[in-house]
Amino acid sequence: IIIASVILITLHFSKPKSDQLENLSPITTNLDQKISRGKNIKNGNENYEKNGDDFLNKDDLENAVANYQKALEIKPDSTDLILKLGDTYLKNNQTDEALELLTQATKLKPDSIDLNIALARTYLSIRQIENAKKIIWNLDQKNPRVQYYKGIITILYKDFDGAQKIFQEIAKTIPAPAES
């Protein structure tokens, strides 16, 4: 802000020629961007995350990715942001980026079922079933979501009887609807 003020005061008193103003345009634009970025950072990652959500809802995946990345720069530990960015990468056919992001995230948070399932789903999306299996089989087998993906992978290995048993076990954990 101080640099921008100095430039503006200098321009005002020195009355530069029009070609000098054109040369300063990239500088002032860059300063405006830095000032705007600073305002967003002061407000936290909520603006970037909300903007990412809005762009995602409009299927503007490139802008959604850019905003989620900015939000993650501010709050790199956010599992929700990592999941949103990973899902958006997948929707945008950026599988390599999704794999890299989720692999790094699971190294930092190896006990996160959500991150591990997202990584397994990413492997399944590119038909790397064995990698997905390794992840799912190492998670808490009592978790119904883990069991669900275990059933899916079991089907992909054409073990339909095994998958049926898994899904029957999941069904037992779902409460019966209340009678009216």
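Everything that follows concerns the structure shown earlier in this document.
Residues numbered from 1 in each chain as written. Predicted model: local features only at pLDDT ≥ 70, side-chain atom pairs only at ≥ 80, totals over all residues. Heavy atoms only, no water.

Participant: Is there a simple way to explain the pattern of salt bridges in this structure?
Facilitator: Tallying each qualifying case throughout the model produces six salt bridges. For the salt bridge of Lys84 with Asp53, the shortest nitrogen-to-oxygen distance reads 3.1 Å. Of the two residues, Lys84 sits in helix H5 (residues 79-91) while Asp53 sits in helix H3 (residues 46-57), which places them 31 residues apart along the sequence. Between Glu169 and Lys172 there is a salt bridge, and its shortest N-O distance comes to 3.1 Å. Of this pair, Glu169 and Lys172 both sit in helix H10 (residues 160-173), three residues apart, which is roughly one turn of the helix. Looking at Glu169, the relative accessible area reads 43%, which means it is partly exposed. Each of Glu49, Asp53 and Lys84 takes part in one network of salt bridges that share partners. (Salt bridge = Lys/Arg side-chain N within 4 Å of Asp/Glu carboxyl O. Helix = DSSP H or I, 4+ residues; strand = E, 2+ residues; numbered from the N terminus. Buried < 20%, exposed > 50% of the residue type's maximum accessible area, 1.4 Å probe, protein only.)

Participant: Honestly, unusual backbone geometry in this entry has me stumped. Any pointers?
Facilitator: Glycine aside, negative phi is the norm for most residues, and most peptide bonds take the trans geometry. The phi dihedral of Arg127 falls on the positive side, at around 65°, and the residue is not glycine. Examined against the element boundaries, Arg127 turns out to sit in the loop between helix H7 (113-125) and helix H8 (129-137). Given the relative accessible area of 59%, Arg127 is considered exposed. Look at Lys158: it is not a glycine, yet its phi comes out positive at around 65°. Counting through the fold element by element, Lys158 comes out in the loop between helix H9 (144-156) and H10.

Participant: Please explain the environment of Trp137 as it appears in this structure.
Facilitator: When you line up the elements, Trp137 lands in helix H8. Here the alpha-carbon distance between Trp137 and Gln147, two residues ten residues apart in the chain, equals 9.1 Å. If sequence neighbours within four positions are ignored, Trp137 has contacts with Lys150, Ile153 and Thr154. (Contact = heavy atoms within 4.5 Å.)

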